[in-house]
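The chain contents come next:
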Amino acid sequence: MSQASAKPQAENIINMIPNHIHAIVFDAVGTLIHVEPSFDRIYAEVGRRFGSRLDDATVRDRFRAAFAEQDRIDRANDWHTDEAREHERWRAIVARVLDDLVDVDACFESLFQTFGTTAVWRADADAEVVLRECTARGLRISLASNFDRRLHDVIAVVPGHEAFAFLHISSEIGRRKPSRDFFTHVADDLRLSPEQILFVGDDRTNDYDAAIAIGMHARLVDARRKHVDLGRDRLDRLGDLL
Ligand SMILES: [Mg+2]
């Protein structure tokens, strides 16, 4: 049956979402929006303007380690966050990654501002059609992200973003994903019970596992096929939201 393996078309995307689902909540970075060209390239380029001599590969390795280190700090602090903590996170990452800067603060400010504009972000290729089909079928849509309040500006890069009922942003809620409090807050905002919500994200721990743990339905966008154990709950791409 060759038809069974055919890619789903836009018009039947939502047909397979169960009737008891009332809202679809999307993660932002890696799901609906992507950095263009990449975090490490932008760090290396902006760093060079401030005197750094590090190459992209070094920046990439250090970025991963620095990001993970900040995650450990947040976990130890029960995932509490606010705008000040987000500034602190990114300043610490810049200082750790670009350790040959003369003026860390100036470079940090430049990078923080850069990532707060639509210039370095692009919408996922499937975002527009998926959001449009969701709303056309009467489903509410919203966004749930560990990005900070810069997301209010950055989200403009996604066609159809005006349809989001809420931008649930961790720095404004006070807890980061994957904390249970974050997901409770999302359900409360939507005035729905968890089982009426389908959560779609690209992070196994922060999105999929955390949403399932509170009783939501979930799908993992897993382009690199790292989580085949999830079976039908994993998607090769956002457009496969079935
Ligand atoms: Mg993500």
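Note: the structure precedes this text.
K.L.:
Whenever I open this one, the side chain of aspartate 40 confuses me. Can you help?
P.N.:
Position of aspartate 40 among the secondary structure elements: in helix H1 (residues 39-49). At 3.3 Å, the side chain of aspartate 40 forms a polar contact with the side chain of arginine 60. The contacts of aspartate 40, once residues within four sequence positions are left out, are Asp56, Val59 and Arg60.

K.L.:
Please explain the nonpolar core as it appears in this structure.
P.N.:
If you look at the biggest cluster of nonpolar residues, it comprises 50 residues, and the most contacted ones within it are Ile24, Phe26, Tyr43, Val94, Leu98, Leu111 and Leu151. The element that contributes the greatest number of residues to this core is helix H4 (residues 104-114), accounting for 5 residues. Inspection of this core shows a minimum of three residues originating in each of domain 1 (2-32 + 124-240) and domain 2 (39-119). The residues touching tyrosine 43, leaving out its near neighbours within four places in the chain, are Val59, Phe63, Trp90, Ile93, Val94, Val97, Leu98, Leu111 and Phe115. Formed by 20 residues, the second largest nonpolar core is a distinct cluster that contains Ala23, Phe183, Tyr208 and Ala218.

K.L.:
Just to check I follow, could you spell out the coordination of the magnesium ion for this structure?
P.N.:
For a metal with four donors in a tetrahedral arrangement, the ideal angle between donors is 109.5 degrees, while six donors in an octahedron ideally sit at 90 or 180 degrees. Taken together, the protein donors to the magnesium ion comprise Asp27 (OD), Val29 (O) and Asp202 (OD), at separations of 2.1 to 2.2 Å. Written as a sequence motif, the donor arrangement for the magnesium ion is D-x1-V-x172-D. The exposure class assigned to valine 29 is partly exposed, which follows from its relative accessible area of 29%.

Conventions we followed
Residues numbered from 1 in each chain as written. Predicted model: local features only at pLDDT ≥ 70, side-chain atom pairs only at ≥ 80, totals over all residues. Heavy atoms only, no water. Helix = DSSP H or I, 4+ residues; strand = E, 2+ residues; numbered from the N terminus. Polar contact = N/O pair within 3.5 Å; in protein donor to acceptor, adjacent residues only side chain to side chain. Contact = heavy atoms within 4.5 Å. Core = buried A, V, L, I, M, F, W, Y, C linked by side-chain atoms within 4.5 Å. Buried < 20%, exposed > 50% of the residue type's maximum accessible area, 1.4 Å probe, protein only. Domains from an automatic or database assignment. Donors = N, O, S within 2.8 Å, 3.2 Å for Na, K, Ca; no water.

By themselves, these are just geometric observations and shouldn't be taken as functional.
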